[in-house]
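A closer look at the structure
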Amino acid sequence: MERRTSNQRDKSISYPVVNAHNEWDPLEEVIVGIVEGATVPPWEAVTPAVVHHPELLDFYRRHGGQPWSRELLDAARKDLDEFVHILEAEGVTVRRPAPYDTAKSFSTPDFESQSSCGALMPRDVLLVIGDQIIEAPMGWRSRYHENHAYKELCKEYFRQGARWVSAPRPQLSDATYKENYVPPQEGEQMRIALTEFEPLFDAADVIKCGRDLFVIQSSCCNRFGIDWLQRHLGDDYRVHEVEHFDTHPLHIDATFYPLSPGKLLINPERITKVPKVFEKGGWDILHCPQPNMPASHPMYTCSKWLSMNVLMLDEERVIVSKGEDDLIRAFKNWGFKPIVCDFYHFESIAGGFHCATLDIRRRGKLESYF
Ligand code: ARG
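The model shown is predicted, which means the values in this text are computed figures rather than measured ones. Residue indices follow the written sequence of each chain, beginning from 1 at its first position. Confidence filtering applies because this is a predicted model: local features only for residues at pLDDT of at least 70, side-chain atom pairs given and counted only at 80 or more, and all residues used for totals across whole chains, interfaces and linings. Excluded from the side-chain calculation are hydrogens and water; included are all heavy atoms of the structure.

**Remarks on the packing of aromatic side chains**
Stated formally: Only Phe, Tyr and Trp rings are paired, with Trp represented by its six-membered ring, and only when their centres lie within 6.5 Å; those with planes under 30 degrees apart are stacked, over 60 edge-to-face, the remainder tilted. Per-residue accessibility, obtained with a 1.4 Å probe over protein chains only, is compared with the maximum for each type, and a residue is labelled buried under 20%, exposed over 50%, and partly exposed between these values. Here, a charge over a ring means that NZ of Lys or CZ of Arg falls within 6 Å of the ring centre while also lying within 35 degrees of the ring normal.
Across all of its chains, the model carries 22 aromatic pairs by this definition. An angle of 90 degrees between the planes, with centres 5.0 Å apart, marks the rings of phenylalanine 278 and tryptophan 283 as edge-to-face. Each member of the pair, phenylalanine 278 as well as tryptophan 283, carries the same accessibility label: buried. An aromatic cluster of at least three residues, connected via ring pairs, comprises Phe214, Phe256, Phe278, Trp283 and Phe370. For arginine 61, the ring lying beneath its charged end belongs to tryptophan 43, and the centroid distance is 4.3 Å. Taking NZ or CZ as reference, lysine 263 lies 4.9 Å from the ring centre of phenylalanine 336, over its face.

Below, the structure is given as structure tokens:
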């Protein structure tokens, strides 16, 4: 029987208000982060574990908790505006979080934080699995209240039928982080900054592929967090931990990305072993070409591998960062339709298209692809 691609799916079917099972069903509604209130993440235990460029650590010590410069914020906002414009022109409904008082310091019985960080990257905070929104038990102290930016949206989606839960709120006490942690060097054994004191993950440590979810351990995601997620989701899902090596592991979406049924994009410098299910399922393993971003471009938070942090609008249309010519060419050869958007300035202080978004509704249902 001929396979119906998700693009051809009957438009008259209406799906639940929150409905996302994979990265490629046709996108109908998405949350896009905001630049308002974005601050330099204040220094904390995970900072040296996740910032890819050690020469920036001094910058974080000095400027953490202060707003990003006007110049950086304006440039990032311009990129984000263009991105929103493209999404809307492609027929996607775009929703935005609410700014909150990021500059305000806060404390709990276990820690104090000089400020919050803003709401640039909804992907990190909320995990949407099917009709369910899960507030992630994030590993950052400074991002402890970032979910507040999304409360109005979550309440609205809940009233319209979505399920909405919060994972156990972590304590983030000193016992959460390894004492004297030093990031691994190339050639060493992979390690992360977290202990197994309590379950932790950022939502972006997980990527969806129908009944199979893929997750990496990172300096915001430990094994306890992965076990919590598997048990919470139950037997309808299989949560696979992906083996990888990264000196500063954080979030799976610049490392491992199932783009469409049968096509897996991997970061060839980080993936040490492709999970067996892909081999057995006969998937094409697409090696992301080296990023084209010039070495001189300032990257305060992430690595240049944000090139592969794309957003799929359906099985073919993919939003890619302008300047990534090798990847754009590769996408065409692999049968995709790239849509190019300026994003290097947003990437300087935040992340890529996948980080900046949260899929709320895609037209499709829960399936197994293996
Ligand atoms: N840690 C990755 C890198 O620097 C970037 C991942 C960002 N993803 C996200 N959802 N914020 O290469």
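**What about the site of the ligand?**
Condition: Here, proximity means that at least one heavy atom of the residue falls within 4 Å of the molecule or strand. As used in this structure description, the phrase polar contact means that two N or O atoms lie within 3.5 Å; if the pair is within protein, one of them must be able to donate a hydrogen and the other to accept it, and residues adjacent in sequence are counted only when both atoms belong to side chains. In short, Shrake-Rupley with a 1.4 Å probe defines the accessible areas, and a residue's cover is counted only from the protein chains shown. For this classification, the nonpolar set comprises Ala, Val, Leu, Ile, Met, Phe, Trp, Tyr, Cys and Pro, the charged set comprises Asp, Glu, Lys and Arg, and every other residue, Gly included, is treated as polar.
The ligand sits among 13 residues. The nearest are Asp124, Leu250, Asp253, Ser303 and Cys355. Taking aspartate 253, its side chain carries an N or O atom lying 2.8 Å from a nitrogen atom of the ligand. Expressed as a share of its isolated accessible area of 360 Å², the protein-covered part of the ligand is 99%. Along the lines of polarity and charge, the residues of the shell around the ligand split into seven nonpolar, three polar and three charged.

**Notes on the pairing of strand β16 (residues 337–341)**
Heads up, the condition is: Only when DSSP finds a minimum of two bridges between them are two strands counted as paired. Strands are runs of DSSP state E lasting at least 2 residues, helices are runs of H or I lasting at least 4, and numbering of each runs from the N terminus. Whether a crossover is right-handed comes down to one check: with the strands pointing away from the viewer, does the path from the first strand over the helix to the second run clockwise; if it does, it is right-handed.
Inspection of the sheet shows strand β15 (residues 317–321) paired to β16 by five bridges, in the parallel sense. Opposite serine 321, over in β16, you have cysteine 341 as the bridge partner. Once the chain exits β15 it traverses helix α8 (residues 325–333) before rejoining the sheet at β16, and the crossover so formed is right-handed.

**As for unusual backbone geometry**
Phi at leucine 172 is positive, roughly 55 degrees, even though this residue is not glycine. The buried category is assigned to leucine 172, whose relative accessible area is 0%. Even without being a glycine, asparagine 180 presents a positive backbone phi close to 55 degrees. Following the sequence through the fold, asparagine 180 ends up in the loop between β7 (163–166) and β8 (206–209). Given the relative accessible area of 69%, asparagine 180 is considered exposed.

**Observations regarding the pairing of strand β9 (residues 212–215)**
Of the two faces of β9, the one lined by Asp212 and Phe214 and the one lined by Leu213 and Val215 are each fully buried. Hairpin connection, β8 to β9: the antiparallel pair is bridged by two residues, and glycine 210 has positive phi, about 70 degrees. One ladder, built from four bridges, connects β9 with strand β10 (residues 238–241); its direction is parallel. Counted as the bridge partner of leucine 213 is valine 239 from β10. Handedness of the crossover joining β9 and β10 through helix α6 (residues 223–233) is recorded here as right-handed.

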